[in-house]
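Listed here are the chains, written in short residue letters.
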Amino acid sequence: MFTTARIEKKAISKLLPILTDVDGVLLEWEPAFTKWMNSKGYEVQTEGVYKQATRFGIEQALSDALTNRFNESAWMGYLKPIPGAVKWLERFADEGYTFECLTSQSEDIYAGYLRKYNLEMLFGKVITECTCIATGSDKDEHLKNWAPGHWWIEDKPQNAIAGLEAGHKPILITHPYNKDFEHEGIERADSWEDIFNIILTKNG
């Protein structure tokens, strides 16, 4: 239960929203996609890589088509949260923070509704906005829609760099496919607990 002081803090909070990707950051996209692909007769050929064409040993065009099909399926309403995400977003909410998502899921309006439903069921009202762009799209221009200075949580190095170039403060959450990436302007976190500690420490 919040104390009076905590409620007051939240009411007057001037904190910038935290910007975040969804797949691989808030939600476990890859395990669900792997299970879906297995049901279609495809098996993983190479572990620990980001590109699904390489993971499954298929042509890029086929990989793109299957990824888009998955991202517009009913699975989008029921992805599981990344371990710790629910707990630590609740902690962020206690501190007066909100989140806005930018996800390259799909431009299909109903797929977007399912994504927002999934996020709301897991995280409640701490996520105040979710912008869905085309499957696999770059985020460079979209990140410029927010004034510089926001924290930006990602799992894809290219998009973390895009956030940095847009004037944001990127944190890259570690996965096998990005573990060797290093950049002096990008923080790295192994968990949502790490993200919480980085942001609260640096925001004072």
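Reference entry: report on the structure contained in this document.

Criteria and thresholds
- Residues numbered from 1 in each chain as written.
- Predicted model: local features only at pLDDT ≥ 70, side-chain atom pairs only at ≥ 80, totals over all residues.
- Heavy atoms only, no water.
- Phe/Tyr/Trp six-rings, centres within 6.5 Å; stacked < 30°, edge-to-face > 60°.
- Helix = DSSP H or I, 4+ residues; strand = E, 2+ residues; numbered from the N terminus.
- Buried < 20%, exposed > 50% of the residue type's maximum accessible area, 1.4 Å probe, protein only.
- Pairing = 2+ DSSP bridges.
- Axes fitted to C-alpha atoms, helices over the stretch in contact; angles between N-to-C directions.
- 1 Å grid on protein atoms, 1.4 Å probe; cavity = no way out; pocket = protein on both sides within 12 Å on 5 of 7 lines; lining within 4 Å.
- Points joined across faces, edges and corners; volume = space filled by probe spheres on them.
- Nonpolar A, V, L, I, M, F, W, Y, C, P; charged D, E, K, R; others polar.

We now examine the packing of aromatic side chains. For the coordinates displayed, the defined rule picks out 16 aromatic pairs. Between W88 and F196, the aromatic rings sit 5.0 Å apart at their centres with planes inclined by 50°, giving tilted as the arrangement. Taken together, the residues W88 in helix α5 (residues 85-94) and F196 in helix α9 (residues 192-203) connect sequence positions 108 residues apart. For F196, a relative accessible area of 5% puts it in the buried group. Taken together, a centroid distance of 5.3 Å and an interplanar angle of 80° make the contact between F92 and F99 edge-to-face. Grouping residues by exposure puts F92 and F99 together as buried.

On to the sheet that holds strand β4 (residues 151-154). If you trace the 6 strands from one edge of the open sheet to the other, you get β3-β2-β1-β4-β5-β6, paired in parallel fashion. Strand pairing shows two members of the sheet lacking a second neighbour, β3 (127-132) and β6 (187-189), which therefore form its edges. In this sheet, adjacent strand axes meet at a mean angle of 25° when their direction is disregarded. Taken together, the 4 bridges between β4 and strand β5 (residues 169-173) define a ladder with parallel strand orientation. The residue of β5 that forms the bridge with I153 is I171.

Right, let's get into the layout of surface pockets. Its boundaries defined by the atoms lining it, the largest pocket holds a volume of some 760 Å³. What lines the largest pocket is a set of 34 residues, and nearest its centre among them are D23, W29, Y50, Q52 and T67. Elements with a minimum of two residues in the lining of the largest pocket: α2 (29-39), α3 (52-56) and α4 (60-71). With 5 residues, the top contributor of residues to the lining of the largest pocket is α4. Class assignment of the residues belonging to the lining of the largest pocket gives a composition of 9 nonpolar, 14 polar and 11 charged.

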